[in-house]
Every structure is written in structure tokens, then in C-alpha cells.
Amino acid sequence: MDKQVRVRFAPSPTGALHIGGARTAYFNWLFARKNQGVFVLRIDDTDRARSTEESYRQILDSFQWLGIDWDEGPDCGGPYAPYRQSERTEIYRSHLQKLIAEDKVYPCFCSAEQLQADRDEAAREGRPPRYSGRCRNLSPEERARRLSVGDPHVYRLRTDGGGETVVHDLIRGDVVFQNSEIDDFIVWKADDSPTYHFASCVDDLAMQITHVIRAEEHLSNTPRHVALFEAFAAEPPVFAHVPMILAPDRSKLSKRHGATSVSEYRDMGILPEALVNYLLLLGFSPGDDREIVDRETAIELFSLDRVAKHAAVYDVKKLEWLNAHYFRAQSPDVVIDQIWKQIVHLGYVAPDEVDRHVLAWLRTVVEFVQTRSRGTADLIEGMRPYFEPVTTYDEKGVRKQFSDKATPERLRAVAQRLAGVAPFTAPVIESSFRALIDELGLKAGQLIHPVRLALTGVTVGPGLFDVIAMLGREETCERLATAANRIDAGTIAAQ
Ligand code: GLU
């Protein structure tokens, strides 16, 4: 029987979760879900100076928001706990002891100055800057003596330097490394803690990880990791290195290209569904020119052999397009929840709004504006005419709807008619409005469109009679008078 698939994502909590990390995590998650495997979240926090609790929290929050969950991790535990490297020092130490006992690692007492001098010499002689091997063959007595007097030291893995290491990468195919390029690298630091290579491999081994799916930048580390697995006499996991994400100008994606962290996207109003869909497209082709792929479909379609070998190019337009799709597909009630804080802040609703007319109106407006918005920012902007006085009028609309000389007079006639309408409800408003249209000998649109523009400053919106009923008699008449006066005064186009 095949071993159960076990994958891990191992972020270093030294900053926010970035789009590249989120994409790698999503690919791991999809692979685990597709293969009924286990997805482990492991926190690579051996770099104590740079790791922070805040970043750890932020990473967990970002995943929760994205809807990417894990089966084992620092918060939920699991059979291989703990899942934070900073709590696993004794596990690393015992693995180190084993390698010391088998003489697979050795202490190296070379000082930083000595190593620098070696590198300088290598550079002068045109050799690659590899460790000289000075401490490799110290006598057991010499080693014991220097250890007993507490000489500062690291531990290095004894590598044989011959032949080649072939990494069978599920995305990139076989990648061949010359072993002569790998020196006796450090596995244990002078501050008595493991290096990334060592901790990572010990964890992958101890946690029974079957597939290491990670960023391409770690491909060059992989022969070292294979060497470590050999030292432990264990089969290395299967590797898959996910290509880089480049900026549109094909440089390395960075801050200057805009938002790059998951929390920034959230703050921009990007929906998690849109972001995970976008993450999938960064390097994975679902086939059939398909671009809208939700999580469930992505699980079905996912396979590592369809991950591109070449770098993915970041395209914010595509993300915005996906966001618009997911945004419009939501129920208006969900959208209202999303924007509630902001519309309370704008004063459009009371914090504990209970007026059912206001709530019904809010829903009507949201339902309408949502279909024309790409996200919450657009939506809130589009809601403005219904909740704030109109200050500007759509330019094209003005040219088309206010060009007739009789417009101010007609707007005033509407105001006058509405002054006497009772009760002030949409159906009653509609019948007296239509009667006025007939009396003026106009077509419906000739009155409806200018009135909408006068009331809202825009040319499209929810049903006009609903708009009038909701604005109320006073506000409606005032807006009609303002527009009529501004047309007369020739200031309609002014701010
Ligand atoms: N902490 C490493 C990183 O964030 C993990 C690398 C790995 O997956 O082995 O890049």
C-alpha cells in the first residue's frame, strides 16, 4: 500500500505572509486534499532574532482568512508535536548526537577570520569558495581537547564530494548537481542551534513528510538535504519546486509593485475566494482556458505535473477581474456584512440600525450597485448618491439628459407634483409621475432619465420610484430644485 501523503508548509515568521508563500501553501493544501493526505503547518522559527510572535499570528490569520486549513500544526497539535522549530531543539540535538556518534559530522573550530582568509585565497586562485576541510581530519584527541576547553565550534556534515546528486523533481524533472559543488556544510551553529538545512531535514524526516513542495529558491539547497537524508540512512521525500512569481516587468516581485502580502489584499477589499483562485493561476493551468476555479474544483483538477516550470508573472488586472466575479456572485446580505463598519462610519446607517425601511433600501441599493462593482471600494463609491447630497453630475448624462431647454422647468414641475403626493410610497409616486408625463406630452424616458440624474448625479440606478420614496419628499424636492437652479445658472458641470 502506498504511504499516506504528508506535506508541509514551513513559513519563517519574520514578516507577513506573502503572495508567493500563500501560493506555495495553497499548492501543498491542494495536493494533500486531492490525495486524501495530511497538510502540516510547521513554523520555521529557528532564526530567533528575526522571528516574531506578531508575524506568527498574522500568518495564521491570513490562512484562516484564505480558507486554507491544516491537519497538524502549532495551534491544533498532532502526532509529531511540537510544530514550532523553536520548541524542537532537543529533537535536533539528539539527531546531531547520532550523527556525531557515527562520525558523519565533525566539529569545526575555524574562526570567521580564518574562513574569510580561505575564501579570499580561493578567489585569488579562481576556485569556488568551498570549506577547506581543515578540521575534517583532526585526531580524536585533538578534537576532544578543544571541545573540553570550550573552543567555539560548529558541526559540519562530512560529504564525499564525488559523483552527482540527481533530484527527481516532480515539476522540473531530473535536476543534476555535481557533488563537488557541495562542501562540508554547517549543520549546527556556534550558538548551539541547528541550521535551517538541519532542522528542516530532521523535521521532514521525523514528521514523515512524503513530498516537499516549496519555492524554487530552495532547489539549490536540495542536494544538501539529500545528503542529510543519506546521513540518516533515510529515503528523502519527493521534491517539487514551484516556480517564482515575477513582477510584470519580469523583475523580482517586491513592495514597489504594490500589495504583496495577504493582509494587504484583504485590506484592499480583495475577497479570499478571488485570491485563492488567483494563486492557483500563478503557475498552474487548469486547462480548457478555464480561469474561474473555486477551491473544490481546484482540488479535483490539481496535479503537480501541470504546474509550470517557468516563472509566473503577476498580473493585478487578472486578480481584480476575478475579484469582480466573486464579488458579484455574493448575496447582498453577505456584502452588507462586509461593508457594515464602513457605512456606519460614513453615517449611512446607525450602528444598531433597526429601521426596516432603511434596511430594505440599503439592500436595494447594494443589490443594484453590486452588479456594477469590482469590489467593496467601488460599491461604497456607487452607494454614495443614495446616502449623501449630490455634488457632481455625470458629464455624459448632463449632455444627454439636461440639454433640453425645458429641463429646469420640468424638474420643478415634478417637484411640485410630488409635493402633493400622499402617501409617499413608490406605487403612488409612480402613478402621479406617469400622469404628469402624459400631461406634459412626453415619453416616459424624457422625464425619468433627467429626474434620475438630478436626484442621484448618475444615469443608472435602482427603480426611480423606489429612489424617490426612499429619499423622501423633502430631500427629493430639494435635489430637483438644486439641479434646476444649477442648470439655469450654468454651473451644473462645475464641482
Ligand atoms: N522556512 C523556509 C522558507 O520559508 C522553508 C523552506 C522549506 O520549505 O524547506 O522558505
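Residues numbered from 1 in each chain as written. Predicted model: local features only at pLDDT ≥ 70, side-chain atom pairs only at ≥ 80, totals over all residues. Heavy atoms only, no water.

Before going further, it helps to spend a moment on the overall build of the protein chain. Scanning the protein chain for helices and strands turns up 20 helices and eleven strands. Taken against the 2.2 N^0.38 rule, which gives 23 Å for 495 residues, the C-alpha radius of gyration of the protein chain at 33 Å runs more than 25% over that of a compact globule. Counting across all 495 residues of the protein chain, residues that qualify as buried make up 49%. Surface accessibility of the protein chain: about 24,100 Å² in total, with carbon and sulfur atoms responsible for 51%. The averaged location of the 72 negative side-chain charges in the protein chain is 3 Å from the averaged location of its 61 positive side-chain charges. (Helix = DSSP H or I, 4+ residues; strand = E, 2+ residues; numbered from the N terminus. Rg over C-alpha atoms; globule rule 2.2 N^0.38 Å. Buried < 20%, exposed > 50% of the residue type's maximum accessible area, 1.4 Å probe, protein only. Areas by Shrake-Rupley, 256 points an atom, 1.4 Å probe, with all protein chains shown as cover. Lys, Arg positive; Asp, Glu negative; His and termini not counted. Charge placed at Lys NZ, Arg CZ, Asp CG, Glu CD.)

The positions that UniProt labels "domain: Aminoacyl-tRNA synthetase class I anticodon-binding" (unreviewed entry) are, in the present scheme, residues 360-483. The span residues 360-483 shows a helical share of 73% and a strand share of 0%, and its end C-alpha atoms are spaced 27 Å apart. (UniProt positions renumbered as here; feature names shortened; annotations may be inferred.)

All right, on to the UniProt feature "binding site: ATP" (unreviewed entry) in the protein chain then. Here the UniProt feature "binding site: ATP" (unreviewed entry) sits at Lys255. Looking at the element boundaries, Lys255 is found in the loop between strand 10 (245-246) and helix 8 (262-267). Not counting chain neighbours up to four residues away, the residues in contact with Lys255 comprise Thr260 and Glu264. (Contact = heavy atoms within 4.5 Å.)

Turning our attention to the site of the ligand. Residues in close proximity to the ligand include Arg8, Ala10, Ser12, Asp44, Tyr196, Ser200, Arg214 and His218, which together make up its full environment. Contact between the ligand and Ser12: a nitrogen atom at 2.9 Å from a side-chain N or O atom of the residue. Taken by itself the ligand offers 300 Å² of open surface, and the protein chains cover 81% of this. More than half of the atoms belonging to the ligand lie within 2 Å of the grid points that define the largest pocket. Here the shell around the ligand is composed, by residue class, of two nonpolar, three polar and three charged. (Near = heavy atom within 4 Å. Polar contact = N/O pair within 3.5 Å; in protein donor to acceptor, adjacent residues only side chain to side chain. 1 Å grid on protein atoms, 1.4 Å probe; cavity = no way out; pocket = protein on both sides within 12 Å on 5 of 7 lines; lining within 4 Å. Sits in = over half its atoms within 2 Å of the grid points. Nonpolar A, V, L, I, M, F, W, Y, C, P; charged D, E, K, R; others polar.)

By the alternation rule, side chains of strand 4 (residues 154-157) split into Val154 and Arg156 and Tyr155 and Leu157, which are all buried. As judged from the four bridges shared by strand 3 (residues 105-108) and strand 4, these two strands associate in the antiparallel manner. Residue pairing across strands places Pro107 opposite Tyr155, the latter belonging to strand 4. Note that strand 4 and strand 7 (residues 186-188) share two bridges and pair antiparallel. Paired with Arg156 across the bridge in strand 7 is Ile186. (Pairing = 2+ DSSP bridges.)

Our focus in this paragraph is the sheet that holds strand 4. Across the sheet, which stays open at both edges, the three strands sit in the order 3-4-7 with antiparallel pairing between neighbours. Here the strands that pair on one side only, and so sit at the sheet edges, are strand 3 and strand 7. Sheet twist, expressed as the mean angle between neighbouring strand axes with direction ignored, is 45°. (Axes fitted to C-alpha atoms, helices over the stretch in contact; angles between N-to-C directions.)

In this section: the layout of surface pockets. Volume-wise, the largest pocket comes out at about 1,100 Å³. In terms of lining, the largest pocket is formed by 35 residues, of which the most central are Gly20, Gly21, Ala215, Glu217 and His218. Those elements that place two or more of their residues in the lining of the largest pocket are strand 1 (6-9), helix 1 (19-34) and strand 8 (211-215). For the lining of the largest pocket, the element with the most residues is helix 1, which contributes five residues. The residue makeup of the lining of the largest pocket, split by class, is 15 nonpolar, eleven polar and nine charged. Its volume calculated, the second largest pocket comes out at about 490 Å³. Surrounding the second largest pocket, 22 residues form its lining, Glu381, Gly382, Arg384, Pro385 and Val458 being those nearest its centre. Of all the secondary-structure elements, those providing two or more residues to the lining of the second largest pocket are helix 13 (356-370) and helix 14 (376-387). (Points joined across faces, edges and corners; volume = space filled by probe spheres on them.)

Turning next to the packing of helix 13 against helix 14. Running from amino to carboxyl end, helix 13 crosses helix 14 at an angle of 130°, the nearest separation of the two axes being 9 Å. Considering the angle they form, helix 13 stands oblique to helix 14. When you trace helix 13 past helix 14, the crossing you get is right-handed. Mapping the contact onto sequence places Trp361, Leu362, Val365, Val366, Val369 and Gln370 in helix 13 and Asp378, Leu379, Gly382, Met383, Tyr386 and Phe387 in helix 14. In the contact of helix 13 with helix 14, the residues fall into nine nonpolar, two polar and one charged. (Parallel < 35°, antiparallel > 145°, perpendicular 65-115°, else oblique. Left-handed = near helix turned anticlockwise from the far one by under 90°.)

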